[in-house]
Structure formats: C-alpha cells, structure tokens
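Here is what each chain is made of, one letter per residue.
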Amino acid sequence: MHILGVACFYHDAAAALLRDGMLVAAAEEERFSRRKHDHGYPRAAIRFCLQAATINPQDLDYVVFYEKPFVKFERILKATLQTAPRSLRLFRGAMSSWLREKLWIQELISRDLGLARDRILFTDHHQSHAASAFYCSPFDEAYVFTADGRGDFRSVSLWSATRREGFMLIDMACELTSLGAMYGFITKFLGFTPDKHEGKVTGLSARGKETEAYKILKSGLWF
C-alpha cells in the first residue's frame, strides 16, 4: 500500500510517501523552489517522492492531508470576528487566500494527481504531529504528547497509541493556553515574523538578559 502525505498553505509545505507503513521519501518544497519556508502546494516535493518510490500517481492508494481545512477555517473565522473591527485587514487577506485555494485542497490534489476524490483523506492536526513521532519510534505502544502554536482549536494534546489500534485522544488544552502562541507573540514583539523567525529568537535568547525578558512578560506587552 502506498500512502502520500501532504502539508501546505500554512508554512513549510512538504510531502512524504509511505510504502506498507515504511517511509520511502520525504521532502520540503523549499528544497526545490529555493524559497525559504515555501508554503505553496508542494508539487515538486510530491514528484520527488513518487520518483524515489518509482511509482506513478495512479499507484497511490490514498493521499492524506495533514489537517481538516474546514475546522481550521472555522477557527480563523471566529478569531478574526472576535477582534473586529481591528482585524478587518487581516480578515480580508485571510478570506481571499482561503476562498481562492485553501478550502479546495481536495480538488487541487485530485486534479494534480488524477485521483478520485474519495482517495483523498483528511486527518486531525495534532494527530498528524503525534503520528510523526510515534511511527518513527521503536515502540509498539506509547503515550504521545503534542504541543504547538495552534491547530484544530488545540495547543496541546495527549494520546494513547498502539501500532495495531492507532490513536485515542485522552486529553487536550485549547489554543488560548498555547505556549507556542506566546512564543509567536514575543517573536512579533521583537520585530520578527511569527511562524518564521522563532529560530532566530531562540538563538538570540542565549545573548539576552533574564531581567529584561522578565520585564516584558510581566508587562503583558507581548500579548
């Protein structure tokens, strides 16, 4: 069985190919486009994975997208409406992008690879994170903890996982308590771009002063 995983339209677009549960190839689109953090549809990365496995698109059993677009669309819609009218400019930009391409990812993949739409599936955002850790581990069963900025209305989640039965969600925390989002806010406060320059902030933190960071957190200016 061949399963192609696809991630795009947020940051660091990529593709990965599994054959009978074993990783055959994986690549980020930026390797081919030469655009750092390229978030567009990973056409070149997909082609690379198919060539590495020496198969054609028609040989794919399923293509799995890393999250559920309509769930994410609902989250963004609620977030921008709750902060209106300050978020009007952000809302216009986000809706333009979503209505033009992001909501139609199933159709895009179907058209690009020539596959029936029922062979294109969507999974939970945090379950994608959990799977990338669990299936690359040596364990047959484990508890898996995920944490990121936000995804499917969550910031962290705890799963019970077995190779035979898959994943079961045990608990989760909503995105309002996201440590990752706070890191993004601090990145923006310092003049960098969230979801892009957090690595620079990590590197600079070793040269900063603890007292200055404490003043920023205590003042609430990062929020």
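Report follows, based on the coordinates. Please read these numbers as outputs of a predicted model, since none were measured by experiment. (Residues numbered from 1 in each chain as written. Predicted model: local features only at pLDDT ≥ 70, side-chain atom pairs only at ≥ 80, totals over all residues. Heavy atoms only, no water.)

Notes on the overall build of the protein
Then comes step 1: A count of helical and extended segments in the protein gives 9 helices and 8 strands.
Then comes step 2: Residues classed as buried in the protein amount to 35% of the 223 residues present.
Then comes step 3: As presented, the protein carries roughly 13900 Å² of accessible surface, and 58% of it is formed by carbon and sulfur atoms. (Helix = DSSP H or I, 4+ residues; strand = E, 2+ residues; numbered from the N terminus. Buried < 20%, exposed > 50% of the residue type's maximum accessible area, 1.4 Å probe, protein only. Areas by Shrake-Rupley, 256 points an atom, 1.4 Å probe, with all protein chains shown as cover.)

Here's the deal with the environment of Arg-31
Then comes step 1: With respect to the helices, strands and loops of the structure, Arg-31 is situated in helix H1 (residues 30-33).
Then comes step 2: Taking the C-alpha atoms as reference points, Arg-31 and Ala-44, 13 residues apart in sequence, are found 9.0 Å from one another.
Then comes step 3: Excluding residues that lie within four positions of it along the chain, Arg-31 makes contacts with Ala-26 and Phe-48. (Contact = heavy atoms within 4.5 Å.)

Concerning the pairing of strand E2 (residues 14-19)
Then comes step 1: Pairing geometry for strand E1 (residues 2-7) and E2, over 6 bridges, is antiparallel. Counted as the bridge partner of Gly-5 is Ala-16 from E2.
Then comes step 2: In this structure, E2 lies alongside strand E3 (residues 22-28), joined through 6 bridges in antiparallel fashion. What sits directly across from Ala-14, in E3, is Glu-28.
Then comes step 3: In sequence, E2 turns back onto E3 through a hairpin of 2 residues, with Asp-20 there showing a positive phi of about 55°. (Pairing = 2+ DSSP bridges.)

Points about the nonpolar core
Then comes step 1: Counting residues in hydrophobic clusters, the biggest one holds 26 residues, and the most contacted among them are Leu-4, Tyr-41, Leu-60, Val-63 and Leu-113.
Then comes step 2: Listed by contribution, the elements that provide at least two residues to this core are E1, E2, E3, helix H2 (43-53), strand E4 (62-65) and helix H5 (105-113).
Then comes step 3: Tallying contributions element by element places H2 first for this core, with 5 residues.
Then comes step 4: Residue contacts for Tyr-41: discarding those within four places in its chain leaves Cys-8, Phe-9, Glu-29, Ile-46, Ile-105, Leu-108, Ile-109, Asp-112 and Leu-113.
Then comes step 5: The next biggest cluster of nonpolar side chains, apart from the first, holds 6 residues, and it includes Ala-130, Val-144, Trp-159 and Phe-167. (Core = buried A, V, L, I, M, F, W, Y, C linked by side-chain atoms within 4.5 Å.)

Focus on the packing of H2 against H5
When two helices pack together, their arrangement is given by the angle between the helix axes and the distance between those axes.
Then comes step 1: Look at H2 against H5: their axes get within 12 Å of each other, and the N-to-C directions meet at 50°. For the element pair H2 / H5, the angle class is oblique. In this structure, H2 meets H5 at a crossing whose hand is right-handed. Contacts between H2 and H5 involve Arg-43, Ile-46, Arg-47 and Leu-50 from the first element and Leu-108, Asp-112 and Leu-113 from the second. (Axes fitted to C-alpha atoms, helices over the stretch in contact; angles between N-to-C directions. Parallel < 35°, antiparallel > 145°, perpendicular 65-115°, else oblique. Left-handed = near helix turned anticlockwise from the far one by under 90°.)

Quick word on a nonpolar patch on the surface
Then comes step 1: A surface patch of nonpolar side chains, amounting to about 270 Å² of accessible area, comprises Met-1, Tyr-62 and Leu-121.
Then comes step 2: Along the chain, Met-1 falls in the segment before E1. (Patch = residues over 30% accessible without salt bridge, like charges linked within 9 Å, V, L, I, M, F, W, Y side chains within 5 Å. Salt bridge = Lys/Arg side-chain N within 4 Å of Asp/Glu carboxyl O.)

Comments concerning the packing of helix H7 (residues 179-189) against helix H8 (residues 198-205)
Then comes step 1: Where H7 contacts H8, the two axes come as close as 10 Å, and the packing angle between them is 80°. One finds that H7 runs roughly perpendicular with respect to H8. Contacts between H7 and H8 pair Tyr-183, Gly-184 and Thr-187 from the former with Glu-198, Val-201 and Thr-202 from the latter.
Then comes step 2: Here the residues of the contact of H7 with H8 sort into 2 nonpolar, 3 polar and 1 charged. (Nonpolar A, V, L, I, M, F, W, Y, C, P; charged D, E, K, R; others polar.)

Interpretation note: all reported values are geometric properties and have no functional meaning in isolation.
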